[in-house]
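Remarks on the overall topology
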Amino acid sequence: QVQLVESGGGLVQPGGSLRLSCLASGYIFSIYAMAWYRQAPGKQRELVARITAGGNTNYLDSVKGRFTISRDNAKNTVYLQMNSLKPEDTAVYYCNTNPGLKNYWGQGTQVTVSS
């Protein structure tokens, strides 16, 4: 079955960087879009970045120029490089895909930006 496993979260100071990874298995990774979402306490889950099978990307306005999504089809992995992190980026970050029009989520990884 489809499995998504995130890693790379942690505590970082404002202005710092983190790289999240999501290892996918159980389906043909290369032909489906992948996305990163986040959910802060008391807020709705929001789309942060998405990358299509062909490599086209789109981003939440507040992270444009700071975050970069990429994928390595040979490793069945999608990445989220996060630079110039701000306290408002603090959230649980989730990997997402939807083969067969069904949504799949990872377990999430906590990102905390604080001094």
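The coordinates are above.
My aim in this report is to walk through the structure given alongside it, one point at a time. (Residues numbered from 1 in each chain as written. Predicted model: local features only at pLDDT ≥ 70, side-chain atom pairs only at ≥ 80, totals over all residues. Heavy atoms only, no water.)

Along the protein, the regular secondary structure elements total zero helices and eleven strands. Taken against the 2.2 N^0.38 rule, which gives 13 Å for 115 residues, the C-alpha radius of gyration of the protein at 13 Å falls within 12% of a compact globule. C-alpha extents for the protein along the principal axes are approximately 40 × 25 × 20 Å. Per-residue burial over the protein gives 39% buried out of 115 residues. Total accessible area on the protein stands at roughly 6,100 Å², and carbon and sulfur atoms take up 47% of it. Between the mean site of the 11 positive side-chain charges and the mean site of the 6 negative ones, the protein shows a separation of 4 Å. (Helix = DSSP H or I, 4+ residues; strand = E, 2+ residues; numbered from the N terminus. Rg over C-alpha atoms; globule rule 2.2 N^0.38 Å. Buried < 20%, exposed > 50% of the residue type's maximum accessible area, 1.4 Å probe, protein only. Areas by Shrake-Rupley, 256 points an atom, 1.4 Å probe, with all protein chains shown as cover. Lys, Arg positive; Asp, Glu negative; His and termini not counted. Charge placed at Lys NZ, Arg CZ, Asp CG, Glu CD.)

None of this, on its own, says anything about what the molecule does.
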